[in-house]
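Structural description and commentary
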Amino acid sequence: MIESASFTAAEERALRDAYARGEAANCPRCDVALRHREIGGGSFGLGYSRRREWLLCPSCKRSVLFDAQRGTRT
Ligand SMILES: [Zn+2]
């Protein structure tokens with residue numbers, strides 16, 4: 001079931017926390033840096049105005065997608 005591989009909920013939460021702190025998010029299984037992409041409104045064809053963050057492991061292909069919630073509001 002490689003195609004359905006994903007992080008566990010606990011792993012996803014740890015990655016979100018690390019990313020929210022501005023730390024490098026590493027894959028807990030491969031110990032390699034996750035690739036980061038920002039999915040902006042319009043560029044993904046979904047009409048979202050909210051930015052989303054996507055972290056993808058280049059090794060095991062697991063990924064985690066979540067809403068950007070960085071403390072940058074003024
Ligand atoms: Zn991995």
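Structure shown above.
Residues numbered from 1 in each chain as written. Predicted model: local features only at pLDDT ≥ 70, side-chain atom pairs only at ≥ 80, totals over all residues.

1. Quick word on the overall build of the chain
Defined as follows: Numbered from the N terminus, helices here are DSSP runs of H or I no shorter than four residues, and strands are runs of E no shorter than two. Three exposure classes are used. Buried residues have 20 or more other C-beta atoms within 10 Å of their own C-beta, exposed residues have 12 or fewer, and partly exposed residues fall in between, all C-beta atoms being placed from the backbone. Remark: residues whose backbone-derived C-beta atoms lie within 7 Å of one another are considered to be in contact.
Of regular secondary structure, the chain possesses one helix and three strands. The order of α-helices and β-strands along the chain, N terminus first, is α-β-β-β. Burial statistics for the chain: of 74 residues in total, 14% are counted as buried. Within the chain, counting contacts between residues at least 6 apart in sequence, those at least 24 apart form 37% of the total.

2. With respect to the environment of Val 64
Structurally, Val 64 can be placed in strand 3 (residues 63-67). You can call Val 64 buried: it has 21 C-beta atoms within 10 Å. Residues Val 64 and Thr 8, 56 residues apart in the sequence, show an inter-C-alpha distance of 9.8 Å. Dropping the residues within four chain positions of it, Val 64 is found in contact with Phe 7, Glu 12, Leu 15 and Leu 55.

3. Looking at the pairing of strand 3
Where a strand is regular, its side chains alternate between the two sheet faces. For the record, the criterion: Strand pairing requires that DSSP identify at least two bridges connecting the strands.
The pairing of strand 2 (residues 52-56) with strand 3 spans five bridges and is antiparallel. Of the residues in strand 3, the one forming a bridge with Glu 53 is Phe 66. Remark: six residues form the turn of the hairpin made by strand 2 and strand 3, two consecutive strands paired antiparallel; Lys 61 in that turn has positive phi of roughly 70°.

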